[in-house]
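Here are the chains, one letter per residue:
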Amino acid sequence: MPQLVLLDAVQACGLEGIGAISAYTLLSQPTVTQQAASLEAAGLLRRIPAEDDRRRRVLTLTDRGEQLLAAKRDLVADRLSLAWKSLTPQEQSIAVPLLRHITDLVSHLT
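Quantities reported herein were computed from a predicted structural model and do not represent experimental measurements.

Caption draft 1: Main features of the pairing of strand 2 (residues 57-61). Of all five residues in strand 2, four are buried, a share of seventy percent or more. Strand direction decides the pairing type here: strand 1 (residues 45-49) and strand 2, joined by five bridges, are antiparallel. Within strand 2, the position partnered with Pro-49 by the bridge is Arg-57.

Caption draft 2: Structural detail: the environment of Ala-37. Tracing the backbone shows Ala-37 in helix 3 (residues 29-41). Ala-37 gets classed as partly exposed once you look at its relative accessible area, which sits at 31%. Between the C-alpha atom of Ala-37 and that of Arg-100, which follows or precedes it by 63 residues, the distance is 25 Å.

Caption draft 3: Representation of the packing of helix 1 (residues 2-13) against helix 2 (residues 18-25) within the structure. Direction vectors running N to C along helix 1 and helix 2 enclose 125°, while the axes themselves pass 9 Å from each other. The angle between helix 1 and helix 2 places the two elements in the oblique class. Note that helix 1 runs across helix 2; the crossing there is right-handed. Residue-level contacts link Val-5, Leu-6, Asp-8, Ala-9, Val-10, Ala-12 and Cys-13 of helix 1 to Ala-20, Ile-21, Tyr-24 and Thr-25 of helix 2. Looking at the contact of helix 1 with helix 2 residue by residue, the class counts come to nine nonpolar, one polar and one charged.

Caption draft 4: Spotlight on the packing of helix 1 against helix 4 (residues 63-85). Put simply, helix 1 and helix 4 touch, their axes get as near as 10 Å, and they point 120° apart. Seen from above, helix 1 lies across helix 4 with left-handed handedness. Across the interface between the two elements, Leu-4, Leu-7, Asp-8 and Gln-11 of helix 1 pack against Gly-65, Glu-66, Leu-68, Leu-69, Lys-72, Arg-73 and Val-76 of helix 4. Considered class by class, the residues forming the contact of helix 1 with helix 4 number five nonpolar, two polar and four charged.

Caption draft 5: Spatial organisation of the pattern of salt bridges. Per the stated rule, a full pass over the model turns up four salt bridges. Residue Glu-40 pairs with Arg-47 through a salt bridge whose shortest N-O separation is 2.7 Å. Given a relative accessible area of 28%, Glu-40 falls into the partly exposed group. Here Arg-47 falls in the partly exposed class, since its relative accessible area comes to 33%. Close ionic contact of Asp-53 with Arg-55 constitutes a salt bridge, the shortest N to O distance being 3.1 Å. We classify Asp-53 as partly exposed; its relative accessible area is 25%.

Caption draft 6: Representation of helix 3 within the structure. For helix 3, built from 13 residues, the straight-helix expectation of 18 Å at 1.5 Å per residue is met to within 8% by its first-to-last C-alpha distance of 18 Å. For helix 3, the full list of buried residues reads Thr-31, Val-32, Ala-36 and Leu-39. For helix 3, the buried positions fall inside an angular range of 130° around the axis, keeping them on one side. Turned more than 90 degrees away from the buried face of helix 3 sit Pro-30, Gln-34 and Ala-41, all of them exposed. The first or second residue beyond helix 3 is Gly-43, which carries a positive phi of 80°.

Reading guide: rules and limits
- Every residue gets a number counted from 1 within its own chain, in the order that chain's sequence is written.
- Whole-chain, interface and lining totals are the exception, using all residues; otherwise, since this is a predicted model, local features are given only for residues with pLDDT of at least 70 and side-chain atom pairs are given and counted only at 80 or more.
- Hydrogens and waters are ignored; side-chain quantities use all the structure's heavy atoms.
- Relative accessibility under 20% of the residue-type maximum defines a buried residue, over 50% an exposed one, and the middle range a partly exposed one, all with a 1.4 Å probe and only protein chains included.
- Secondary structure elements follow DSSP: runs of H or I no shorter than four residues count as helices, runs of E no shorter than two count as strands, and numbering proceeds from the N terminus.
- At least two DSSP bridges between two strands are required for those strands to pair.
- Only the stretch in contact is used when a helix axis is fitted, and all axes are lines through C-alpha atoms; the angle between N-to-C directions ranges over 0 to 180 degrees.
- For this classification, under 35 degrees means roughly parallel, over 145 means roughly antiparallel, 65 to 115 means roughly perpendicular, and everything else is oblique.
- By convention, the crossing between two helices is left-handed when the near helix turns anticlockwise from the far helix through less than a right angle, and right-handed when the turn is clockwise.
- Two residues qualify as a contact provided that any one of their heavy atoms is within 4.5 Å of a heavy atom in the partner residue.
- Residues are grouped as follows: Ala, Val, Leu, Ile, Met, Phe, Trp, Tyr, Cys and Pro are nonpolar; Asp, Glu, Lys and Arg are charged; every other residue, Gly included, is polar.
- Criterion for a salt bridge: a side-chain nitrogen of Lys or Arg within 4 Å of a carboxyl oxygen of Asp or Glu.
- For a helix, the expected span equals 1.5 Å multiplied by the residue count minus one.
- Along the arc lie the directions from the helix axis toward the C-beta atoms.

Structure below.
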């Protein structure tokens, strides 16, 4: 699941760089960099020089990464939908703020 989140972020804003992916996913930049290296080694994304500054690297999905993301996106959405529907209305109202808070706490650990 974390790899799919990162692949989704790369597809959405990878050409803006690691900082944009970090903001999109609420993960620290070192975490994004580390996970991106693993996904690059697996052949799912590639780091390329930025058009505006050849010293900076941006991320793009490989064909294999695009295919994996497309195949898994529906499965993940279905599972998340089922999990969300299993929550009471009160649980749903606190779930998003609580998850954001936990994400912030975890990002400070890395």
